[in-house]
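Examining the three-dimensional arrangement
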Amino acid sequence: MGLLKFLFIAIAVLWLVRLVARLLFPWAMRKMAQKVMGDAQRQHDFKNTTYRGAANTNQRRQPDGKVRIDYMPPIEKPKKGAKSAGEFVEFEEIKSSTE
């Protein structure tokens, strides 16, 4: 009799867990997807408005036809070393057959 009671309770608990999982799993996935999509949308909006805002302020300050350079790379100094050291002669080592 104890075995039947155990099996009945185990089957009932597993059936309830299955029922609850079928109801909660889609809801949890939907909430997670909405959160991820909302975060991505906020990140996209932030990047776009920051870029647009910076572009609009630059455009308002400059008159048409003017070129503005924001970054100038540093001027490279002439390299010292092998290129300016002089002439180099290539040679090959010849091994003698007497050794």
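Reading the values: the criteria
Residues numbered from 1 in each chain as written. Predicted model: local features only at pLDDT ≥ 70, side-chain atom pairs only at ≥ 80, totals over all residues. Heavy atoms only, no water. Helix = DSSP H or I, 4+ residues; strand = E, 2+ residues; numbered from the N terminus. Buried < 20%, exposed > 50% of the residue type's maximum accessible area, 1.4 Å probe, protein only. Areas by Shrake-Rupley, 256 points an atom, 1.4 Å probe, with all protein chains shown as cover. Salt bridge = Lys/Arg side-chain N within 4 Å of Asp/Glu carboxyl O. Patch = residues over 30% accessible without salt bridge, like charges linked within 9 Å, V, L, I, M, F, W, Y side chains within 5 Å.

With that out of the way, let us pick up the overall build of the protein chain. Scanning the protein chain from N- to C-terminus turns up 1 helix and 0 strands. Here the protein chain holds 99 residues, and the buried ones make up 0% of them. By element, 64% of the accessible surface of the protein chain is carried by carbon and sulfur atoms, the whole surface being about 10800 Å².

This structure, assessed with the given rule, holds 2 salt bridges. Asp 39 is paired through a salt bridge with Lys 35; the nearest N and O atoms lie 3.6 Å apart. Of this pair, Asp 39 and Lys 35 both sit in helix 1 (residues 2-61), 4 residues apart, which is roughly one turn of that helix. A residue is classified by how much of its surface remains accessible, and Asp 39, at 33% relative accessible area, is partly exposed. Put simply, Asp 39 and Arg 42 hold a salt bridge, and the shortest N to O gap is 2.4 Å.

Further remarks concern a nonpolar patch on the surface. Among the surface-exposed residues, Trp 15, Leu 16, Leu 19, Val 20, Leu 23, Leu 24 and Trp 27 lie close enough to one another that they form a single nonpolar patch of about 740 Å² accessible area. By secondary structure assignment, the location of Leu 23 is in helix 1. Leu 23 sits in the exposed class, given a relative accessible area of 60%.

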